[in-house]
2 protein chains.
Amino acid sequence: MPAESERTEMLDSETKAVETPEDHADELRLWLRLLTCTTLIEGEVRGRLRQRFDVTLPRFDLMAQLDKAPDGMTLSDVSKRMMVSNGNVTGLVERLVESGHLDRRTSETDRRVQVIRLTKLGRAEFRKMAAEHEIWIADLFADLSPKDVRELMRLLAKTKASAQKSAARRRP
Amino acid sequence: MPAESERTEMLDSETKAVETPEDHADELRLWLRLLTCTTLIEGEVRGRLRQRFDVTLPRFDLMAQLDKAPDGMTLSDVSKRMMVSNGNVTGLVERLVESGHLDRRTSETDRRVQVIRLTKLGRAEFRKMAAEHEIWIADLFADLSPKDVRELMRLLAKTKASAQKSAARRRP
DNA sequence: CCAAATTGTTTTAAGCCTAAAATGTTTCCC
DNA sequence: GGGAAACATTTTAGGCTTAAAACAATTTGG
């Protein structure tokens, strides 16, 4: 009679005080695997963007956000969407304005706010890159069946929700 | 009669020249979700490490590698395991030697090679951090059932293999 | 109205990270 | 043995990233 109890209350007597350190090895392994996958794919995409278009991944990501927002976005919005710090966006935008890919203007109605959008050049270049990028991604995931993809989507949605909940517990 | 053909050869006549751009939106969404999960969890872990132990995530990761190798590792080994550039490891190690967490020596048998290992201090501090870290991870994944965890492990293994294959196709 | 709180952005200081070139060492193989 | 190739690491130059502090503008509540 094995005493296996996965993720349930402990059943032995005097249970409250026992404080058995639970086994979290599986979750740890899962996290490392998740990280490996992301690092692997991200590195591959980074390299291809550099070789093929001489552009960095963060610049591409920022342009991708703006491509979805024809009327532009504020720096804060971009920062939240990209999940990076405000200061990070400031520098990134500076360089992309410099290179002629972005247009930046102060909001008429709130002078704190900077609104940025893709220039014509920026949009054209992004579209070209995005078309190839999509193919790279498809190739990187090529061995997953449509069912695998659906299932992964579902489980990652659950993962995201779980992590957000955990983060919120700490930072209410 | 829907013309849906998921991930199969195209069946229309004159097929070779047609070059229909396939739809890769699902894979793209999957990649973005994967990236979101990783960024979310990584950011959370980074913040907790900083607040709780005043240590950076890369330092923690490097120590984690060394903790598994009591006899030490070469810089190349570390670099491969962590999937970061060589130069990156050089700097990271410099700072950790400086702070007394790492010991570095030139190999007796091959003077090109630097072997690094945790010092007593480094190991002790790492163990303390790792214990809490494991709990954080478990909490971040807390809403996944054991079955979810197994299933995610399986699908991510498949993903990793697929991505590696794709990367190898490009860089033979 | 106006001080305090909030919000949006930039600045700062430090560290992380990469790709590519440079340096030093060993191995290969003729 | 000796030159070429391979290997391990460091250096370089530039960019990315963060947390925290500083600054600026707006909103809020007495």
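Quick note: structure is the one above.
Residues numbered from 1 in each chain as written. Chains lettered and ligands numbered in written order. Predicted model: local features only at pLDDT ≥ 70, side-chain atom pairs only at ≥ 80, totals over all residues. Heavy atoms only, no water.

(A) Seen up close, the relation of the copies chain B and chain A. Superposing chain B onto chain A takes a rotation of 180° combined with a translation of 0.0 Å along the rotation axis, leaving an RMSD of 0.0 Å. Look at the turn and shift together and you get a two-fold axis relating the two. Comparing contact sets, 100% of the residues at the interface of chain B also lie at the interface in chain A, consistent with an isologous, same-surface contact. (Least-squares fit on C-alpha atoms with pLDDT ≥ 70 in both. Contact = heavy atoms within 4.5 Å.)

(B) Representation of the sheet that holds strand β1 (residues 73–74) of chain A within the structure. Residues and elements named next belong to chain A. Read from one edge of the open sheet, three strands run β1-β3-β2, paired in antiparallel fashion. Only two strands of the sheet have a single partner each, and these edge strands are β1 and β2 (102–106). Direction of pairing for β2 relative to strand β3 (residues 114–118): antiparallel, over a ladder of five bridges. Within β3, the residue paired with Thr106 across the bridge is Gln114. (Pairing = 2+ DSSP bridges. Helix = DSSP H or I, 4+ residues; strand = E, 2+ residues; numbered from the N terminus.)

(C) The arrangement of the protein's contact with DNA strand D in detail. With respect to spatial proximity, 24 residues lie near DNA strand D, and among them A:Ser85, A:Arg95, B:Ser76, B:Asn86 and B:Thr90 are the closest. Restricting the count to atoms of DNA strand D within 4 Å of the protein gives a sugar and phosphate share of 82%. Residue A:Asn88 places a side-chain N or O atom 3.2 Å away from a sugar or linking oxygen belonging to DNA strand D. B:Thr90 places a polar side-chain atom, nitrogen or oxygen, 2.8 Å from a phosphate oxygen of DNA strand D. Of all the elements in the fold, those that place two or more residues in the surface near DNA strand D are α3 (57–67) and α5 (86–98) of chain A together with α4 (75–82) and α5 (86–98) of chain B. Counting residues per element, the surface near DNA strand D draws most heavily on α5(A), at four residues. Across the surface near DNA strand D, the residue classes tally to six nonpolar, ten polar and eight charged. (Near = heavy atom within 4 Å. Polar contact = N/O pair within 3.5 Å; in protein donor to acceptor, adjacent residues only side chain to side chain. Nonpolar A, V, L, I, M, F, W, Y, C, P; charged D, E, K, R; others polar.)

(D) Looking closely at the pairing of β3(A). Here β1(A) runs beside β3(A); their pairing, made up of two bridges, is antiparallel. Paired with A:Met73 across the two strands is A:Ile116, which belongs to β3(A).

(E) Just helix α7 (residues 146–170) of chain A, in detail. Between its terminal C-alpha atoms α7(A) stretches 36 Å, which fits the 36 Å expected from 25 residues at 1.5 Å a residue. Listed in full, the buried residues belonging to α7(A) are A:Asp148, A:Val149, A:Leu152, A:Met153, A:Leu155, A:Leu156, A:Thr159, A:Ser162, A:Ala163, A:Ser166 and A:Ala167. At its buried positions, α7(A) is contacted by α2 (25–53) of chain A together with α2 (25–53), α6 (120–140) and α7 (146–170) of chain B. (Expected span 1.5 Å × (residues − 1). Buried < 20%, exposed > 50% of the residue type's maximum accessible area, 1.4 Å probe, protein only.)

(F) The arrangement of the packing of aromatic side chains in detail. Counting across every chain of the model gives four aromatic pairs over all chains. With centroids separated by 5.3 Å and ring planes inclined at 35°, the aromatic side chains of A:Phe60 and A:Phe126 adopt a geometry described as tilted. Taken together, the residues A:Phe60 in helix α3 and A:Phe126 in helix α6 (residues 120–140) connect sequence positions 66 residues apart. Comparing A:Phe60 with A:Phe126 shows no difference in burial state: the two are buried. Here the aromatic rings of B:Phe53 and B:Trp136 are separated by 6.3 Å at their centres, their planes lie at 40°, and the arrangement is tilted. Of this pair, B:Phe53 sits in helix α2 while B:Trp136 sits in helix α6, and the two are 83 residues apart along the sequence. (Phe/Tyr/Trp six-rings, centres within 6.5 Å; stacked < 30°, edge-to-face > 60°.)

(G) Quick peek at the pattern of salt bridges. Enumeration according to the criterion identifies 27 salt bridges over all chains in this entry. Across the pair A:Arg123 and A:Asp67 runs a salt bridge, and its minimum N-O distance is 3.0 Å. Here the residue A:Arg123 occupies a position in helix α6, and A:Asp67 occupies one in helix α3, the gap between them amounting to 56 residues. Under the relative-accessibility criterion, A:Arg123 is labelled partly exposed at 21%. One salt bridge connects B:Arg154 with B:Glu151, and the closest N-O pair in it is separated by 2.8 Å. In this pair, B:Arg154 and B:Glu151 are both assigned in helix α7, three residues apart and thus about one turn of the helix distant. By relative accessible area, B:Arg154 is classed as partly exposed at 42%. Taking the relative accessible area as the measure of exposure, B:Glu151 reaches 24% and is therefore partly exposed. (Salt bridge = Lys/Arg side-chain N within 4 Å of Asp/Glu carboxyl O.)

(H) A look at the interface of chain B and chain A. If you look at the interface, chain B gives 58 residues, while chain A gives 59 residues. Three residues stand out in chain B for area buried against chain A, namely B:Leu30, B:Trp31 and B:Arg170, and they jointly supply 11% of the buried area on that side. Remark: the boundary between chain B and chain A carries nine salt bridges. The salt bridge involving B:Lys165 is made with A:Asp143; its shortest N-O contact spans 3.0 Å. (Buried area = accessible area lost by both parts, 1.4 Å probe.)

(I) Highlighting the protein's contact with DNA strand C. Taken together, 24 residues form the shell around DNA strand C, and within it A:Ser76, A:Asn86, A:Arg112, B:Ser85 and B:Arg95 come nearest. Across the atoms of DNA strand C situated within 4 Å of the protein, the share located in sugar and phosphate is 79%. Only α4 (75–82) and α5 of chain A together with α3 (57–67) and α5 of chain B provide two or more residues apiece to the surface near DNA strand C. Per-element accounting of the surface near DNA strand C gives the leading share, four residues, to α5(B). The residue inventory of the surface near DNA strand C, partitioned by class, reads six nonpolar, ten polar and eight charged.

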